[in-house]
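Below, each chain spelled out in residue letters.
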Amino acid sequence: MTSFLPTDEEKEFIHVAKDIAIDKIRPVAREVEKNQVVDAFLVGELDELGFLALETPENWEGIELPLITQVQILQALSYGDLGVIQGLPGLGDAATLFRLCPDHPLLATYKDDIIHSKKTVALLDLTGNATVTIENKNDGWLINGITQPVRLASFADYIVVLGRDLDGLPLVMWVEVAEQQNLKVEFGDYRLGLLASGLGKYEFENVYVAEELILASDEEALQLIEKIRPRVQLLQAAKEVGLMEAALDYATEYTAGRKAFGQEIAKFQGVSFRIADMAMETRIANHLVWQAALEVDEDKASAGGSVIRALYRAHRSVRYVTDSAVQLLGGHGYVQEYPVEKWMRDAQAQVSLYGREKELLIQRGEQLIGGGTIGVNVR
Amino acid sequence: MITYELTEQQKQIKELTHWFAENEIRPISLEADRLGKVPDEWLDKVNKMGIQLNTSSFGGDNANKKLAKKERQGNRLGVIATEEIAWGDPAIALSLPGAGLGGPPIQSSGTAEQKQRFLSIFTKDEPRWGAYALTEPEAGSDASAVQTTAQKVDGGYVLNGQKIFITNGGRASWVVVFATLDKSLGRAGQRAFVVEKGMKGFSCTKLVKKMGLRANETAELLFEDCFIPDENLLGGEELYQTAASKPSGFQVAMKTFDSTRPIVAAMAIGIARAAYEYSIDLVRKEYPKIGRLYTIAAELLAEAEQNIAAARYLTWEAAWKADIGVANAKEAAMSKAFAGQMALEVCVKCLEILGPIGLDGHLVEKLYRDVKVFDIFEGTNQIQHLVIARRQYAPYGVRV
Ligand SMILES: Cc1cc2nc3c(=O)[nH]c(=O)nc-3n(C[C@H](O)[C@H](O)[C@H](O)COP(=O)(O)OP(=O)(O)OC[C@H]3O[C@@H](n4cnc5c(N)ncnc54)[C@H](O)[C@@H]3O)c2cc1C
């Protein structure tokens, strides 16, 4: 029966995550942004609690939680600061690959290194990217070109590459950065946001990936990519909801205390109604993320569409809510003594990284017109 | 556990109400709008089928007693069924026999005797209605400004004043009327009375013509030295004495909103869905499958579908909170504020998809006219914002 009560286990997790978000993450957010790296002590602490391995399978020493639980925890953690969360090392977005192929023989050979030396893996999705080519050559593939900015690229030890070669063959490849002399990372000039997230562009110049390093190809690769993408998208959307909650609470508290024209500015409807709209948008994005998470967990045919819907809304809402927070703080919102200007920048960077809004929307619309999902999602 | 899945029982209710909406309501929708009323024979027929509009599920009634051990689900069932009925046609939904918006105050505040007397009249022999009359020419959003007076006399009260915009007010067998004993007392002076059709001094002076919802009656009511016996004071004298320090009549009026707002939101969702389904069907059948128009339609439909789902989840959450007995004023206001506004936007998007042909005999233009009022009655969009903001600021001790 429709219900919105987290399980006791989830409540436990959220409680711990929210505490650490408020006590440990939020206070260091500025420092992390300045240093452009998350402090190792905090990483250790989060790692200890399992928060770096929510998606990671158990045989990779992860906690392998269902998505509905993960999204709630990520929300709680991101309530501290999205910039910090996006800078956490480890399997990152690639964790989903490990989740879906926990016993892959190729990955198994790296298990020790990845788990015990705490290596970082970046996920590089080249599908639909025209600037990088993958060409079949002598029992292997040659990659050429410069990618778009990728999270964790500047310090990742391995890359999982999703793409198609020039013959249209879908591929999931494994690249060990240190082994590839022809692979460089262009660190770039990032100022907008998520500055600790290791953003970088990969420059491939005849980087050769041998047959043995292909994790999946053809139909198998296609299916894998189609399973990886929605999980990654949804986990990102959940983080955006956490950031929205932070901005909403911060702006509410601020406007309840700040006075102008002889009264708390909350008493002006231009202010309080904006807060009400922020609250609604936050709740809506939250619902759409939870609903999609449950559909993915249940492997429903409509799950992919629900994820796109949730991600689009999270993008749109996080921009609105973080912008509103800055607006409601006035000039104070614009300066770095307060966190909201950073949150607005981080939100916009996050939105830029994880899928163009209009494209998500049109894609979803085409799916709906194509039929099939209407019965599940609308009725 | 968090879940958006309906139970088997919920699915059955949904399917049943949808079947009724599709086969009994929708076929007469445009005709009823043209006539400006729901045909009497039709009302008679559905009343004999036992179909009524139920806007309340307060604890204490029989159905809920049976469920006492299990989690209550009346509010959730209510919003699920209402969405379907309104999908059929909102004006007809609001015209279905039953206590309507008058039901909740009687159930939440009436004495046992009053509940029996007023709620047992909705039987299959003939269609009957109840109504809720708060709004006056000078008191809409500001319900504390009610001007209708109630003067205590021997054995009862004498009412004088006017009510406007009262849904089913002319045909109702009884109307819950809010009046004031003493304007200077503000909210504390308010009382609720059940005024019965035929009582001397009570009349319906006008049925107003509207932009939409034309098949549903909206009445002006007049009270001229209208005597109301003591037993029709809602809740009896005790209700107001036990809560002497509280603005009780006003509370009776406000208390019902937390359960009726999600219902009204569900209606708006049903309307939006009707427009959406109508338009996507047309795009599938008649649009070219490539090109700019197609892309625009995809975008508009995706946005509509998403907002419909979003409103539904907000509404379900508000209903769920009511079912588990947790304060839900904020969620109820959110559902109403969001659903009311989004439903109009969805209808606008659908009209855009239809283009000029949408003006001629298509359901969507009617839905557009119908839906606007869902952002106005049961508290305007702005009033819902106020309620949300108040709850949002409550932890910081600021009253906005
Ligand atoms: C078809 C229909 C059916 C209805 N059915 C019923 C019924 O059955 N029973 C009943 O009692 N009433 C009914 N109503 C009345 C309805 O509830 C009121 O019209 C509504 O509450 C608004 O009141 P008002 O019209 O006086 O507008 P006003 O209160 O005058 O509002 C005018 C504008 O001012 C805004 N406003 C007012 N106060 C504030 C504030 N504090 N902050 C910000 N903005 C504010 C409003 O949002 C609105 O935009 C019905 C109305 C219609 C149209």
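Everything numeric here is computed off the predicted structure, so don't read it as measured data. (Residues numbered from 1 in each chain as written. Chains lettered and ligands numbered in written order. Predicted model: local features only at pLDDT ≥ 70, side-chain atom pairs only at ≥ 80, totals over all residues. Heavy atoms only, no water.)

> Even after reading the chapter, I still don't get the sheet that holds strand β3 (residues 132-137) of chain A, so can you show me in this structure?
By way of backbone hydrogen bonds, the strands of a sheet pair with one another, either parallel or antiparallel. Residues and elements named next belong to chain A. In spatial order, the strands read β3-β4-β8-β7; together these four strands make up an open sheet with antiparallel pairing. The open sheet has two edge strands with one neighbour each: β3 and β7 (183-186). Going from strand to strand, the sheet's axes swing by 15° on average, the running direction of each strand aside. Pairing geometry for strand β4 (residues 140-146) and strand β8 (residues 201-210), over six bridges, is antiparallel. (Pairing = 2+ DSSP bridges. Helix = DSSP H or I, 4+ residues; strand = E, 2+ residues; numbered from the N terminus. Axes fitted to C-alpha atoms, helices over the stretch in contact; angles between N-to-C directions.)

> I keep staring at the confidence of the model for chain A and nothing clicks. Help me out?
On average, residues of chain A score 96 in pLDDT, and 98% of them reach the 70 mark or higher. Taken as a whole, residues 372-379 of chain A scores under 50 in pLDDT and shows 27 contacts with residues more than four places along the chain or in a different chain. (pLDDT = per-residue confidence, 0-100. Contact = heavy atoms within 4.5 Å.)

> Just to check I follow, could you spell out the pairing of β8(A) for this structure?
Looking along a regular strand, one sees side chains alternate from face to face of the sheet. Note: β7(A) against β8(A), four bridges, orientation antiparallel. The residue bridging V185(A) from the neighbouring strand is Y202(A), located in β8(A).

> Please clarify how unusual backbone geometry should be interpreted in this entry.
Residue and element names in this part refer to chain B. Although it is not a glycine, F165 sits at a positive phi angle of roughly 60°. Look at F165 and you get exposed, because its relative accessible area is 53%. Despite not being glycine, E378 shows a phi value in the positive range, around 60°. Positionally, E378 belongs in the loop between α14 (363-371) and α15 (381-393). Exposure remark for E378: the relative accessible area of 11% places this residue in the buried category. (Buried < 20%, exposed > 50% of the residue type's maximum accessible area, 1.4 Å probe, protein only.)

> Just checking my understanding: could you explain the interface of chain A and chain B for this structure?
One widely used convention gives an interface's size as the accessible area the parts lose upon coming together. Taken together, the contact between chain A and chain B spans 55 residues of the former and 52 residues of the latter. Between chain A and chain B, a total of about 5,100 Å² is buried, with carbon and sulfur atoms accounting for 66% of that surface. For the interface between chain A and chain B, the tally reads six salt bridges. The partner of E317(B) in a salt bridge is R283(A), with the nearest N and O atoms 2.7 Å apart. Joining chain A to chain B, the criterion identifies 23 residue pairs in polar contact (both at pLDDT 80 or more). Contributing elements (two or more residues each) for the side of chain A that touches chain B: β1 (3-4), α3 (67-78), α8 (218-257), α9 (269-297), α10 (303-329), α13 (357-370) and α14 (374-377) of chain A. (Buried area = accessible area lost by both parts, 1.4 Å probe. Salt bridge = Lys/Arg side-chain N within 4 Å of Asp/Glu carboxyl O. Polar contact = N/O pair within 3.5 Å; in protein donor to acceptor, adjacent residues only side chain to side chain.)

> I'm lost on the UniProt feature "domain: Acyl-CoA oxidase/dehydrogenase middle" (unreviewed entry) in chain B in this one. Help?
Using the residue numbers shown here, the UniProt feature "domain: Acyl-CoA oxidase/dehydrogenase middle" (unreviewed entry) corresponds to residues 131-226 of chain B. Here residues 131-226 of chain B is 0% helix and 51% strand, with 17 Å between the C-alpha atoms at its ends. (UniProt positions renumbered as here; feature names shortened; annotations may be inferred.)

> Before we go on, may I ask you to explain the domain arrangement of chain B in this structure?
All names here are of chain B. Structurally, chain B comprises domain 1 (8-119), domain 2 (130-249) and domain 3 (251-396). Opposite the 32 residues of domain 1 that make contact, domain 3 presents 32 residues. Summed over the shared surface of domain 1 and domain 3, the result is six salt bridges. Ionic pairing is found between K366 and D89, a salt bridge with its closest N-O pair at 2.9 Å. Those elements giving two or more residues to the side of domain 1 that touches domain 3 turn out to be α1 (8-25), α2 (29-35), α5 (74-88), α6 (90-95) and α7 (103-109). (Domains from an automatic or database assignment.)

> Mind showing me how you'd approach the pairing of β4(A) here?
Residues and elements named next belong to chain A. In terms of burial, β4 is a largely internal element, five of the seven residues being buried. Pairing analysis gives six bridges linking β3 to β4, with the strands arranged antiparallel. Its bridge partner lying in β4, N136 is registered against W141. Hairpin remark: β3 followed by β4, antiparallel, with two residues in the connecting loop; positive phi at N138, about 40°.

> I tried to follow the UniProt feature "domain: Acyl-CoA dehydrogenase/oxidase N-terminal" (unreviewed entry) in chain A on my own but got confused; where do I start?
Under the UniProt annotation, the feature "domain: Acyl-CoA dehydrogenase/oxidase N-terminal" (unreviewed entry) is placed at residues 7-84 of chain A. Structurally, residues 7-84 of chain A comprises 67% helix and 0% strand, and the distance from its first C-alpha atom to its last is 27 Å.

> Help me understand the sheet that holds strand β2 (residues 121-125) of chain A in this model?
All names here are of chain A. Spatially, four strands are ordered β2-β5-β6-β9 in an open sheet, and the strand pairing comes out mixed. Because the sheet does not close on itself, it has two edges, and the strands there are β2 and β9 (214-217). Geometrically, the sheet is characterised by an average inter-axis angle of 15° between neighbouring strands, direction not taken into account.

> I tried to follow the UniProt feature "domain: Acyl-CoA dehydrogenase/oxidase C-terminal" (unreviewed entry) in chain A on my own but got confused; where do I start?
In the numbering used here, UniProt assigns the feature "domain: Acyl-CoA dehydrogenase/oxidase C-terminal" (unreviewed entry) to residues 235-350 of chain A. For residues 235-350 of chain A, the end-to-end C-alpha separation is 12 Å, with 81% helix and 3% strand making up the annotated structure.

> I keep staring at the pattern of salt bridges and nothing clicks. Help me out?
Close approach of charged atoms lets side chains of opposite charge pair. Counted under the stated rule, the structure contains 52 salt bridges over all chains. Note that E55(A) is salt-bridged to R231(A), the shortest N-O span being 2.8 Å. With E55(A) in the loop between α2 (40-48) and α3 and R231(A) in helix α8, the pair connects residues that are 176 residues apart, well separated along the chain. Given the relative accessible area of 9%, R231(A) is considered buried. E357(A) is the partner of R319(A) in a salt bridge, and the nearest nitrogen-oxygen pair spans 2.7 Å. Of the two residues, R319(A) is situated in helix α10 and E357(A) in helix α13; the sequence distance between them amounts to 38 residues. Judged by relative accessible area, R319(A) falls into the partly exposed class, the value being 31%. A single network of salt bridges, built from pairs that share partners, joins K14(B), E83(B), E84(B), R273(B), E277(B) and R312(B).

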